[in-house]
Amino acid sequence: MTDDAAATPTCLARPLPGPDDGGTGCAAARGVDGRPLHAAALKFFWGPMDCGKSTMALQMNYNHARQGRRGLVTTRIDRSLGPRVTTRIGLAHTAVEVTDELDLRALVRDTWAEGVRIDYLICDEASFYDVAHVEQMAELVDGYDVDVYAFGLATDFRSCLFPAARRLFELADEVARIQVEVLCWCGREGLLNARVVDGRVVREGAQVVIGDTVDTADVRYQVLCRRHYRSGDLGPRA
C-alpha cells in the first residue's frame, strides 16, 4: 500500500459532516458496505397479528448480514418477554430491548465508538415504541446514513392506530403491508386484532396488554374481518 493510499479516508457509516467540520467529510461515492452514501431509507412493514412480521424481520436481517452488512436488531414487548425477537414458527434472535429511556441514535453511536460499523437497524414490534423513537429512526436515516426497517402492527384492539405506527406512516420513505394473508374464521381476509377476555371481545382497557393468539391465554387476540370485528363474533369454535 502506498502512502497516498494509506492516507485515503475510509467511509464508515457515521453522522454526515456538519458546517463546522471543515470539509473533512468523506468524498467517496460509496460506503464500506458497497451501497451508495446518503441513500438510506426508513421502511415500515405492517400487518395484523399472525402475518409473519417478526419472521420477515429476521429474514431481512439474515439477507443483509449475508452480504456483509452489519446491523442491530431491536424489539419491545416481544412475546418471550425478553430481549429477543421470537416467531411462531420457531425462529429467534437476540435483540436490544427498547425502553422509554433508550435513544436509538446513542445506541448506534456507542456501537461505532466500540469500532463496530452499523449499516442498518431492524426494529421489530415498532408499534410499541414511543413516537420519539420513530423520530430517532428518521434522524438515523437522514443524518447518519443508516437504513431502518421497522415491523409492527398498525392498529390496536380498538381498531385505532398506535401512535408510533401513525408516525411511521407519516415519516417512512416506504410503507408496505405484509402480503401473507391472515384469514378470519369466516374465510374473509383478517384485518383487525380483537382482544378476547373470558370468551368475549373487549373494547376498553390499556392500549398494550401482553397476550397471544393461542386459545389457552388468559388474554388472547384473534384476527377478524371488519364485519365480525364490529359484531364481536368470534366464530363457532370460540
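These numbers were taken from a predicted model, which means no experiment stands behind them. (Residues numbered from 1 in each chain as written. Predicted model: local features only at pLDDT ≥ 70, side-chain atom pairs only at ≥ 80, totals over all residues. Heavy atoms only, no water.)

Colleague: I'd love a proper account of the overall build of the protein chain, names of residues and values included.
Modeller: When helices and strands are tallied, the protein chain shows 6 helices and 11 strands. In the protein chain, which comprises 238 residues, the proportion classed as buried is 42%. Expressed as a percentage of contacts within the protein chain between residues at least 6 apart in sequence, the contacts between residues at least 24 apart total 71%. In the form shown here, the protein chain has an accessible surface area of approximately 12,600 Å², with 50% of it arising from carbon and sulfur atoms. (Helix = DSSP H or I, 4+ residues; strand = E, 2+ residues; numbered from the N terminus. Buried < 20%, exposed > 50% of the residue type's maximum accessible area, 1.4 Å probe, protein only. Contact = heavy atoms within 4.5 Å. Areas by Shrake-Rupley, 256 points an atom, 1.4 Å probe, with all protein chains shown as cover.)

Colleague: A description of a nonpolar patch on the surface should follow, citing residues and the corresponding values.
Modeller: On the surface, Leu 161, Phe 169 and Val 175 cluster together into a nonpolar patch covering about 200 Å² of accessible area. Tracing the backbone through its elements, the reader meets Val 175 in strand β8 (residues 174-177). In this structure Val 175 comes out as partly exposed when scored by relative accessible area, which is 35%. (Patch = residues over 30% accessible without salt bridge, like charges linked within 9 Å, V, L, I, M, F, W, Y side chains within 5 Å. Salt bridge = Lys/Arg side-chain N within 4 Å of Asp/Glu carboxyl O.)

Colleague: I'd love a proper account of the UniProt feature "active site" (unreviewed entry) in the protein chain, names of residues and values included.
Modeller: Here, UniProt's "active site" (unreviewed entry) annotation points to Glu 125. Relative to the elements of secondary structure, Glu 125 occurs in the loop between β6 (120-123) and α4 (131-144). Among the residues examined, Glu 125 registers a relative accessible area of 10% and is labelled buried. (UniProt positions renumbered as here; feature names shortened; annotations may be inferred.)

Colleague: Tell me about the sheet that holds strand β10 (residues 200-202), and please be specific about residues and values.
Modeller: Ordered by their spatial adjacency, 3 strands build an open sheet running β10-β9-β11, and the pairing between neighbours is antiparallel. Lying at the two open borders of the sheet, with one neighbouring strand each, are β10 and β11 (219-224). Mean inter-strand twist for the sheet, computed between neighbouring axes without regard to direction, equals 50 degrees. By the bridge criterion, 3 bridges tie strand β9 (residues 192-197) to β10 in an arrangement that is antiparallel. Paired with Val 196 across the two strands is Val 201, which belongs to β10. (Pairing = 2+ DSSP bridges. Axes fitted to C-alpha atoms, helices over the stretch in contact; angles between N-to-C directions.)

Colleague: Give me the lowdown on the packing of helix α3 (residues 104-113) against α4, citing residues and values where you can.
Modeller: Helix-helix packing: each pair is described by the crossing angle between the helix axes and the interaxial distance. Running from amino to carboxyl end, α3 crosses α4 at an angle of 45 degrees, the nearest separation of the two axes being 8 Å. Classified by the interaxial angle, the pair formed by α3 and α4 is oblique. Contact residues: α3 offers Leu 104, Arg 105, Val 108, Arg 109 and Trp 112, while α4 offers His 133, Gln 136, Met 137, Glu 139, Leu 140 and Tyr 144. Residues that form the contact of α3 with α4 fall into these classes: 6 nonpolar, 2 polar and 3 charged. (Parallel < 35°, antiparallel > 145°, perpendicular 65-115°, else oblique. Nonpolar A, V, L, I, M, F, W, Y, C, P; charged D, E, K, R; others polar.)

Colleague: Outline the environment of Ser 231, listing residues and values.
Modeller: Of note, Ser 231 is situated in helix α6 (residues 226-231). Of the residues examined, Ser 231 reaches a relative accessible area of 52% and is grouped as exposed. Taking the C-alpha atoms as reference, Ser 231 lies 9.2 Å from Val 201; in sequence the two are 30 residues apart. A distance of 3.4 Å separates a polar atom in the side chain of Ser 231 from the backbone oxygen of His 228. (Polar contact = N/O pair within 3.5 Å; in protein donor to acceptor, adjacent residues only side chain to side chain.)

Colleague: Just give me the short version of the side chain of Thr 111, but keep the residues and values in it.
Modeller: Within the secondary structure, Thr 111 is located in helix α3. At 2.8 Å, the side chain of Thr 111 and the backbone oxygen of Leu 107 are in polar contact. In this structure Thr 111 touches Leu 72, Val 116 and Ile 118, once residues within four positions along its chain are discounted.

Colleague: Give a detailed account of the packing of aromatic side chains, specifying residues and quantitative values.
Modeller: In the structure shown here, the tally under the stated rule is 5 aromatic pairs. Both rings, one in Phe 128 and one in Phe 162, keep their centres 5.6 Å apart while their planes meet at 80 degrees; by these two values the pair is edge-to-face. Of this pair, Phe 128 sits in the loop between β6 and α4 while Phe 162 sits in the loop between β7 (147-152) and α5 (163-171); the two residues are 34 residues apart in sequence, bridging distant segments of the chain. For the pair formed by Phe 128 and Phe 162, the shared burial category is buried. Ring-pair connections join several aromatic residues into one group, and the members of that group are Phe 44, Trp 46 and Phe 169. One residue, Arg 195, lies across the ring of Phe 157, its end atom 3.6 Å from the ring centre. (Phe/Tyr/Trp six-rings, centres within 6.5 Å; stacked < 30°, edge-to-face > 60°. Lys NZ or Arg CZ within 6 Å of the ring centre and 35° of its normal.)

Colleague: Please provide a residue-by-residue account of the packing of α4 against α5, values included.
Modeller: At a minimum axis distance of 8 Å, the contact between α4 and α5 shows a crossing angle of 25 degrees. With respect to each other, α4 and α5 are oriented roughly parallel. The way α4 lies across α5 gives a crossing that is right-handed. Contacts between α4 and α5 involve Val 131, Val 134, Glu 135, Met 137 and Ala 138 from the former and Pro 163, Ala 164, Arg 167, Leu 168 and Leu 171 from the latter. For the contact of α4 with α5, the class distribution of residues is 8 nonpolar, no polar and 2 charged. (Left-handed = near helix turned anticlockwise from the far one by under 90°.)

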